[in-house]
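Tertiary structure, described
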There are 2 protein chains.
Amino acid sequence: MRTTITDVAKQAGVSMKTVSRVLNNEPNVAKATRERVMEVADQLDYSPNLAARGLASSRSYLIALLYDNASPSYLTNIQRGAIEACRQQGYHLLLEPMTAAQTESEEAERILRRMNVDGAILTAPLCDLTALRNSLTRLDIPYVAVGPQDADEGAAVRMDDQDAAFQMVKYLIDLGHRDIGFIAGDPDHASTRHRRAGFDAAMQDAGLHAGTDRVVQGDYTFRSGLEAAKRMLEDPTSRPTAIFAANDDMAAGVLSAANRLNIAVPDALSVCGFDDTPIARILWPQLTTVAQPIHQMGRKAAEILISRDKRRDPATHTFDYELIIRGSTARAGT
Amino acid sequence: MRTTITDVAKQAGVSMKTVSRVLNNEPNVAKATRERVMEVADQLDYSPNLAARGLASSRSYLIALLYDNASPSYLTNIQRGAIEACRQQGYHLLLEPMTAAQTESEEAERILRRMNVDGAILTAPLCDLTALRNSLTRLDIPYVAVGPQDADEGAAVRMDDQDAAFQMVKYLIDLGHRDIGFIAGDPDHASTRHRRAGFDAAMQDAGLHAGTDRVVQGDYTFRSGLEAAKRMLEDPTSRPTAIFAANDDMAAGVLSAANRLNIAVPDALSVCGFDDTPIARILWPQLTTVAQPIHQMGRKAAEILISRDKRRDPATHTFDYELIIRGSTARAGT
């Protein structure tokens, strides 16, 4: 026969309410009582299931992760962080992919209403969609944005993309590079604007100027990086000595273009990316890039939702990045 | 005020029981009645939340995906397939990573007991762990294995790794290759044994023999592929003309080794992988590989659990693979 909460309460000599408080990590239970209840629950092999716990406490113990078209490494990293936080508090992570177009559909509304979660993590670019934010507010589902366009619309976790891009370009300039190309990302993503601004600021700071042919619009795909690099590198008499691609996939495209044109990396061309995806270590030479704290951001987003501090503390938490220097960059003119 | 099931029943002129049946996709409701109830539910903007639906029907409408250390592209593919199936039936997907070591711990037992799902998808190598299978059986949680070691232990989805490896090696032999190297994967994975068996069978079938120095043990990582390829390629007087790595990450290592040793791919060395991960298209040259039906397997696994046919139909569903021929392989001696 299945152990019930009554059995635990009896054996531990406390009320059912106390057992419930302990198992739901609620405050106002003496440490000794908490320990005794946990011990008895373990002995009796008692663990209330989600539905029962949910009804008892008006929580569902579920957090949803909403994402649109995230790269596999980004998605698995953010999941890993969120799940770590969930497990510590007996929560579970539910996955809800959703395209930007879908967020205005009845289907999305139905999914959101049905999912019965205690909160939602919204990754970029979903977190910038007003329709989705409004739906969640209407349904009274707290949410935390990951990498939003504007940092002042409620709880958010982010990193300083602009500063990271600035530091990467400064690193190239310190290596002696003067003619530096930049490949921008998908215009729909907030990160695109921030990374571009960092590039511009670092160039200006060093008194350098990138001509219009040195800044090419990409869309974060390998192919767009390849095409952009081909254009920048096709004229052997006028090539940049370094190219900074706004993500690793596009930087992989730059390496591929250099390969096809027989341009030696890093001797004749330094290449760097952004994100430190697994690809960065698999390319040859390995890619200089920016490591994003995606795992930590996922973890913090879940923690905010679980602690229910969201409404009291609608702050933006900014995380540190790291420049990862590998073999694809070198001193200019070596 | 929130619409309740009573409002829907009243407006549709049916019993609450009928509304519940319709919303839970249960059988034995006339088509016209089903349509009327759905229409009214839509009009009244009614959608029961998970906890309420779960209690009403003894289902939780949750499926768990259990995985250990899966590669990002594998994981996101299987998630995508499972979520497609879940959405069609109003289900949601819950993520539960778990290491092999963890499956025998109390922590794992607690997570499994607590998650309250209608079924679990077990990816390899978790699906081969007796302790985990026993825990799930004891907790009365139906499960479907993805790519199990043995195909006769209950419901499973898989592809024929051995046949795929056989066809890949046959393709190399048809290109004129006679001296073919093989890099095997992680011994803990069932796929390793099957892919090796396919290699052996194809060689034997063609009357060829791979010496012991032509088969090297890897562990599915880029680094192990790099090291294995270095060993096979270090002696310029005795090099294979083709190397088949048992996954794409190791094949990327082979390309990197060839690059460092100035061996032209595919002119002097054909290289192929397995899995068709995004990396395969980002390498230069692009990788010849095997596309696995991971997305379809995830979808089918969720469908089996949702339809609750598992106990009636403990069959293994085998999916087709596809050889993807790209630039990393060519005729021998060209």
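Figured I'd write up the structure that's included with this text. (Residues numbered from 1 in each chain as written. Chains lettered and ligands numbered in written order. Predicted model: local features only at pLDDT ≥ 70, side-chain atom pairs only at ≥ 80, totals over all residues. Heavy atoms only, no water.)

1. As for the overall build of chain A
Defined as follows: Each helix corresponds to a stretch of at least 4 residues labelled H or I by DSSP, and each strand to a stretch of at least 2 residues labelled E; elements are numbered beginning at the N terminus. Each residue's exposure class comes from its accessible area (1.4 Å probe, protein chains only) as a fraction of the maximum for that residue type: buried when under 20%, exposed when over 50%, partly exposed otherwise. Two residues form a contact once any of their heavy atoms are found within 4.5 Å. Only the protein chains shown count as cover for residues, and the accessible areas themselves come from Shrake-Rupley with a 1.4 Å probe. For the purpose of counting charges, residues Lys and Arg are taken to be positive, whereas Asp and Glu are taken to be negative. His and the chain ends are not included. Here the site of a charge means NZ on Lys, CZ on Arg, CG on Asp, or CD on Glu.
When helices and strands are counted, chain A shows 13 helices and twelve strands. Summarising its shape, the C-alpha atoms of chain A cover approximately 85 × 40 × 35 Å along the three principal directions. For chain A, the residues scored as buried account for 56% of the 334 residues in total. Long-range contacts, defined as pairs at least 24 residues apart, comprise 73% of the intrachain contacts of chain A with a sequence gap of at least 6. Total accessible area on chain A stands at roughly 14,200 Å², and carbon and sulfur atoms take up 46% of it. Separation between the mean location of the 37 positive side-chain charges and that of the 43 negative ones in chain A comes to 6 Å.

2. A look at the pairing of strand E1 (residues 62-67) of chain A
All names here are of chain A. Filter applied, for reference: Strand pairing is assigned whenever DSSP detects at least two bridges linking the two strands.
Within E1, six of the six residues are buried, which leaves the element mostly enclosed by the surrounding structure. Residues Leu 62, Ala 64 and Leu 66 line one face of E1 and the alternating positions Ile 63, Leu 65 and Tyr 67 line the opposite face, and both faces are buried. Relative to strand E2 (residues 92-97), E1 runs parallel, the two being bridged by six bridges. Considered in E2, the bridge of Ile 63 is made with Leu 93. Both E1 and strand E3 (residues 119-123) contribute to a ladder of four bridges, which runs parallel. Pairing of Leu 66 across the sheet is with Leu 122, part of E3.

3. Some words on the relation of the copies chain A and chain B
Spelled out, the test is: Superposition of the copies used a least-squares fit over C-alpha atoms from residues whose pLDDT is at least 70 in both.
In the superposition of chain A on chain B (RMSD 0.1 Å, axial shift 0.0 Å), the rotation amounts to 180 degrees. What the rotation and shift describe, once combined, is the action of a two-fold rotation axis. Residue Leu 94 of chain A of chain A places its C-alpha closer to the rotation axis than any other residue of that unit, at 2.2 Å. Of the interface residues in chain A, 100% have counterparts in chain B that sit at the interface too, so the contact is made through matching surfaces.

4. Let's talk about the sheet that holds strand E8 (residues 242-245) of chain A
All names here are of chain A. To keep things clear, this is the line we draw: As a rule, the C-alpha atoms of each element are fitted with a line to give its axis, helices using only the stretch in contact, and angles between N-to-C directions run from 0 to 180 degrees.
Strands sit in the order E7-E6-E8-E9 across an open sheet of four strands; the sheet is parallel. Both edges of this open sheet fall to strand E7 (215-217) and strand E9 (270-272), since each of them pairs with a single strand only. When the angles between neighbouring strand axes are averaged without regard to direction, this sheet yields 15 degrees. Of the strand pairs in this sheet, strand E6 (residues 180-184) and E7 are connected by three bridges, and their pairing is parallel. Bridge pairing in E7 links Ala 184 to Gln 217. The sheet strands contacting helix H10 (residues 222-233) are E6, E7 and E8, and the helix crosses E6 at an angle near 150 degrees.

5. Remarks on the packing of aromatic side chains
The criterion, for reference: To pair, rings of Phe, Tyr and Trp, with the six-membered ring standing in for Trp, must have centres within 6.5 Å; the planes then decide the type, stacked if under 30 degrees apart, edge-to-face if over 60, and tilted in the middle. Comment: the charge-over-ring label is applied if NZ (Lys) or CZ (Arg) is within 6 Å of the ring centre and within 35 degrees of the ring normal.
In this structure the tally under the stated criterion is six aromatic pairs over all chains. An angle of 20 degrees between the planes, with centres 4.8 Å apart, marks the rings of Phe 182 of chain A and Phe 199 of chain A as stacked. You can see Phe 182 of chain A sitting in strand E6 and its partner Phe 199 of chain A sitting in helix H9 (residues 190-205), a full 17 residues away along the chain. Taking relative accessible area as the criterion, Phe 182 of chain A reaches 0% and is therefore assigned buried. A residue is classified by how much of its surface remains accessible, and Phe 199 of chain A, at 0% relative accessible area, is buried. Taken together, the aromatic side chains of Phe 182, Phe 199 and Phe 244 of chain A make up a single cluster linked through ring pairs. The ring of Phe 274 of chain B carries Arg 195 of chain B above its face, with NZ or CZ at 3.7 Å from the centroid.

6. A short note on helix H13 (residues 294-307) of chain B
Residues and elements named next belong to chain B. The condition is simple: Expected span of a helix, by definition, is 1.5 Å for each gap between consecutive residues, and there is one gap fewer than residues.
Over its 14 residues, H13 extends 20 Å from the first C-alpha to the last, a length consistent with the 20 Å expected when each residue adds 1.5 Å. What H13 keeps buried is the set Ile 294, His 295, Met 297, Gly 298, Ala 301, Ala 302, Ile 304, Leu 305 and Ile 306. In the core, the buried residues of H13 are packed alongside strand E1 (62-67), helix H5 (72-88), strand E3 (119-123), strand E4 (143-146), strand E5 (156-159) and strand E11 (316-319). Phi turns positive one or two residues past the end of H13, at Arg 308, with a value near 55 degrees.

7. Considering the side chain of His 295 of chain B
With respect to the helices and strands, the residue His 295 of chain B is situated in helix H13. For His 295 of chain B, the residues in contact, after removing those within four places along its chain, are Asn 77, Arg 80, Gly 81 and Glu 84 of chain B.

8. Focus on the pattern of salt bridges
Residue and element names in this part refer to chain A. Filter applied, for reference: For salt bridges, the criterion is a side-chain nitrogen of Lys or Arg within 4 Å of an Asp or Glu carboxyl oxygen.
Inspection of every chain in the model, using the stated rule, returns 24 salt bridges over all chains. Residue Asp 200 pairs with Arg 196 through a salt bridge whose shortest N-O separation is 3.2 Å. With Asp 200 and Arg 196 both in helix H9, this residue pair falls four residues apart, about one helical turn. For Arg 196, a relative accessible area of 34% puts it in the partly exposed group. Counted as one network, the salt bridges with shared partners bring together Glu 84, Arg 299 and Glu 303.

9. A look at the environment of Met 16 of chain B
Residue and element names in this part refer to chain B. You can see Met 16 is positioned in helix H2 (residues 16-23). Measuring from C-alpha to C-alpha, the distance between Met 16 and Ile 63 comes to 26 Å, with 47 residues separating the pair along the chain. The residues touching Met 16, leaving out its near neighbours within four places in the chain, are Ile 5, Thr 6 and Ala 9.

10. Remarks on the interface of chain A and chain B
For an interface, size is often stated in terms of accessible area lost upon the parts coming together. Our working definition: Reported buried area values correspond to the accessible surface (1.4 Å probe) lost by two parts on association, with both partners' losses combined. Throughout, the ten residues Ala, Val, Leu, Ile, Met, Phe, Trp, Tyr, Cys and Pro are labelled nonpolar, Asp, Glu, Lys and Arg are labelled charged, and all others, Gly among them, are labelled polar.
Counting residues at the interface gives 47 residues for chain A and 48 residues for chain B. Across the chain A to chain B interface the summed buried area is about 4,300 Å²; carbon plus sulfur atoms make up 57%. When residues of chain A are sorted by the area they lose upon contact with chain B, Arg 87, Arg 114 and Ile 282 of chain A head the list and together hold 18% of the total. For the pair chain A and chain B, the number of links is two salt bridges. With a closest N to O distance of 2.9 Å, Arg 87 of chain A and Glu 96 of chain B form a salt bridge. Taken together, the elements giving at least two residues each to the side of chain A that touches chain B come down to helix H4 (50-57), E1, helix H5 (72-88), E2, helix H6 (106-114), helix H11 (248-260) and helix H12 (279-282) of chain A. Sorting elements by how many residues they give to the side of chain A that touches chain B places H5 of chain A first, with seven residues. Tallied by class, the residues present in the side of chain A that touches chain B amount to 22 nonpolar, twelve polar and 13 charged. As judged from the three bridges shared by E2 of chain A and strand E2 (residues 92-97) of chain B, these two strands associate in the antiparallel manner. Across the sheet, the residue bridging to Leu 93 of chain A is Leu 95 of chain B, located in E2 of chain B.

11. Comments concerning the nonpolar core
Definition in use: To qualify as a nonpolar core, a set must consist of buried Ala, Val, Leu, Ile, Met, Phe, Trp, Tyr and Cys residues joined through side-chain atoms within 4.5 Å.
Judged by nonpolar contacts, the single largest core of 104 residues is most densely connected at Phe 199, Phe 244 and Leu 269 of chain A together with Phe 199, Phe 244 and Leu 269 of chain B. Apart from residues no more than four positions distant in its own chain, Phe 199 of chain B is found in contact with Ala 165, Val 169, Ile 180, Gly 181, Phe 182, Ala 210, Val 215 and Phe 244 of chain B. Tyr 74 and Val 144 of chain A together with Ile 63 and Leu 75 of chain B belong to the second largest nonpolar core, which has 54 residues in total.

In short, geometric facts, not functional conclusions.
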